Structures are given as C-alpha cells and as structure tokens.
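A closer look at the structure
Listed below, chain by chain, are the residues.
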Amino acid sequence: PWYLPAPEEQAALLESAGFGVRFLETAARPVPLTAGGGGVPGWWRTTGAPALAAYPPELLGALLDEAAALTGDVPFADGVRLRFVAEAIG
C-alpha cells in the first residue's frame, strides 16, 4: 500500500514532469512505538489501516498479536523521510 521511491527514482519522476531538482536527500525518521501509542499493533492500526482493511475483522486481532510477538518490545520503527526542493522549468 505504500510507495517509497529511492532518491534517484524520485528525482527522475520530478524531472520527467518538468521540474528541476535543486535539493534531494533522505533523512532518518525513527517512529516511536511506545506502549501509550499501542506499540506495533497501534502503528499498524494508524499507518497500515489501508493494508489491514483487506483482512477479515475476525482475524485482525490475531494478525496484530503475531506482528507484536515477532517484533518484540521495540521502542522505534525505522523510518526514512525523503526531502526535496524542485522548481518548475519553463
């Protein structure tokens, strides 16, 4: 459900649409998975809702429990932000 282009792919997409890329970088963006936010299951409910919609509701709890068991008590998920500045050419 997500599209996460590599920096060079994003630059090529912008350039093919008539933009000049002045700046493009990736930056680490750790996502907190604190207990107050629901941990890994909470992250899936918030961020992964479109993907979870494909699962039958009666199986969703077991799926999220399994995701939590597989990841353990991790405090953060690895996130990456793609930042860029592009200008229209012409």
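Refer to the structure presented above.
Residues numbered from 1 in each chain as written. Predicted model: local features only at pLDDT ≥ 70, side-chain atom pairs only at ≥ 80, totals over all residues. Heavy atoms only, no water.

1. Some details on the pattern of salt bridges
Side-chain pairs of opposite charge can arise where the charged atoms are in close proximity. Rule in force here: One speaks of a salt bridge when a side-chain nitrogen belonging to Lys or Arg is within 4 Å of a carboxyl oxygen belonging to Asp or Glu. Each helix corresponds to a stretch of at least 4 residues labelled H or I by DSSP, and each strand to a stretch of at least 2 residues labelled E; elements are numbered beginning at the N terminus. Residue burial is assigned from relative accessible area. The probe radius is 1.4 Å, only protein chains are included, and a residue is buried under 20% of its type maximum, exposed over 50%, and partly exposed in between.
Enumeration according to the criterion identifies 2 salt bridges in this entry. Between Glu25 and Arg83 there is a salt bridge, and its shortest N-O distance comes to 3.3 Å. One end of the pair, Glu25, is in strand β1 (residues 19-28); the other, Arg83, is in strand β4 (residues 80-88), and 58 residues separate them in sequence. Overall, Glu25 belongs to the partly exposed group, its relative accessible area being 29%.

2. Considerations on the environment of Gly20
Applied cut-off: Throughout, a residue-residue contact means that at least one pair of heavy atoms, one from each residue, lies within 4.5 Å.
Of note, Gly20 is situated in strand β1. Each C-alpha atom, one on Gly20 and one on Ala88, is 6.3 Å from the other, the two residues being 68 residues apart in sequence. Here Gly20 is in contact with Val85, Ala86, Glu87 and Ile89, once residues within four sequence places are set aside.

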